[in-house]
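# Observations on chain architecture
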Amino acid sequence: MVGEDRVIMSGKELRRVHVMRQVLGKQITQVKAGALLGLTARQVRRLLQRVRQEGDRGLMHRGRGKPSNRRRPEKLKAKVLMLYDKQYGDFGPTLAAEKLAERHGLAVSAETLRGWLLAKGVTHFRRRKRPHRAWRARKAHVGELVQLDGSHHDWLEGRGPACVLMAYIDDASSRVFARFYDHEGTIPAMDSFQHYVQRYGLPLALYADQHTTYQSPAEPTVEEQLAGTKPQSQFGRALSELGVELIAAHSPQAKGRVERLFRTFQDRLSKELRLAGIATLEDANRFLEEYLPCYNRRFAVPPAQAADLHRPKPTDRELARSLCIKTTRCLRKDFTIAHQGRLYQIHDTVRATHVQVEEQIDGTLRLTHQGRSLSFHAILARPVPAAEVTTVSRSRRPIQPAADHPWRKRWLPDRGQHAAAAGT
């Protein structure tokens, strides 16, 4: 209550004021007012009597501004806060309430203790505010969006080498495709995507995280800045050539479908591999070819729309031209290039300063210029330059002229003549 003529009321009380005024004005009956307020006619008559005696203030709750009848004694509150400060200062309210009841026999609910601590200014136990994450509906069509990720886990449980599961899950149907590799990198990503395309076709978009295999960490060059493009990884470049959009996920929650798949596989698939006695990557991949169809029949869901948006798979040649690591190398005047510490001799005559090296998934190399393949061979041994012949200069003895050499003859007049002339 503020002042003499102002009353602070809740929304429920304001609604009662409005209905009671309608009753006092003979505009509605008491029975109708009870139906509107959820009260009986007797309760309405009791409220009307309070309004006639006290006005609108009579509709306020009688306990407002008064201590609660269920409040805990101040002596108990002081003792609890004293024990909390001494022994449970870094505890949360829930655990502290349990220990107070267990060790001291003080029965205080966790929410009551939470309120006392907040009123005292203790806030270390407050939960951090989490960003709001809106629920996203599945895509309507198969092939519209496929989530990709790699799971590092002890899949073979020590029976074989460490391996990574590269998994693809369709967003519309939860259909799964996966293969095992010894690491998560560009070649495993390209090889697994090639197997996926050969089985299902090209999806419209692929959803992956910020791993450097999928997203390039390089700074954009001046040409890229002028063109308004971003640096691409080799895998991103390959998808762009195949017409597949690569979408970057900025948090694990964003690709929650494939993350939940890994939790399921780390429990189920590991046990299945153990029961089958799998100990090598080759056997594990053969096992997946039989396991995944059964898994998909059990856990995949029908998409909202029956249409499949996968595009027909390209030819093996077209896939190989895109799913490879492409590097530009400088062509020397002797038609050789250097690549990864080795020299390669090009047989064709090319009027160019650079050629492109394509490292295929199977490890073979292909050299091209403007899309045309070039014949070449590897130079197994670098030519050794001929040793330079060094000449050693011999020290010469000084030449002594002969006694009758012209250098020894005196061309000046005799000193005696000069002396006689000086005496005269």
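The present account deals with the structure reproduced in this document. The structure displayed is predicted, hence computed values, not measured ones. (Residues numbered from 1 in each chain as written. Predicted model: local features only at pLDDT ≥ 70, side-chain atom pairs only at ≥ 80, totals over all residues. Heavy atoms only, no water.)

Moving on, we come to the sheet that holds strand 2 (residues 163-170). Sheet architecture is open: 5 strands sit in the order 3-2-1-4-5, paired in mixed fashion. The sheet is open, and its two edges are formed by strand 3 (176-181) and strand 5 (245-248), each paired on a single side. Put simply, the sheet's adjacent strands are angled 25° from each other on average, direction ignored. The strands that helix 7 (residues 186-200) touches are strand 1 (146-153), strand 2, strand 3 and strand 4 (205-208); relative to strand 3, the one it contacts most, it runs at about 145°. Running at roughly 170° to strand 3, helix 11 (residues 281-299) makes contact with strand 2 and strand 3 of the sheet. (Pairing = 2+ DSSP bridges. Helix = DSSP H or I, 4+ residues; strand = E, 2+ residues; numbered from the N terminus. Axes fitted to C-alpha atoms, helices over the stretch in contact; angles between N-to-C directions. Contact = heavy atoms within 4.5 Å.)

The next subject is the pattern of salt bridges. Using the criterion set out here, one finds 14 salt bridges in the structure. Close ionic contact of Arg286 with Asp283 constitutes a salt bridge, the shortest N to O distance being 2.2 Å. With a gap of 3 residues between them, Arg286 and Asp283 both fall in helix 11, about one helical turn apart. Here Asp283 falls in the partly exposed class, since its relative accessible area comes to 29%. Look at the salt bridges and you will find they share partners, linking Asp149, Lys255 and Glu259 into a network. (Salt bridge = Lys/Arg side-chain N within 4 Å of Asp/Glu carboxyl O. Buried < 20%, exposed > 50% of the residue type's maximum accessible area, 1.4 Å probe, protein only.)

Taken together, 3 strands build an open sheet; the order of strands is 7-8-12 and the sheet is antiparallel. The sheet is open, and its two edges are formed by strand 7 (336-339) and strand 12 (376-379), each paired on a single side. For this sheet, the mean angle separating the axes of adjacent strands, direction not counted, is 30°. Looking at chain direction, strand 8 (residues 342-346) and strand 12 are connected through 4 bridges and run antiparallel. Its bridge partner being in strand 12, Leu343 is matched across the sheet by Ile379.

With that out of the way, let us pick up the pairing of strand 3. It is a general feature of regular strands that their side chains alternate between the two faces of the sheet. Judged by how many residues are buried, strand 3 sits mostly within the fold: 6 of 6 residues are covered. Across the two faces of strand 3 the burial is the same, with Val176, Ala178 and Phe180 and Phe177, Arg179 and Tyr181 all buried. Bridging between strand 2 and strand 3 involves 6 bridges; their strand directions are antiparallel. Among the inter-strand pairings, Leu165 is bridged to a residue of strand 3, identified as Phe180.

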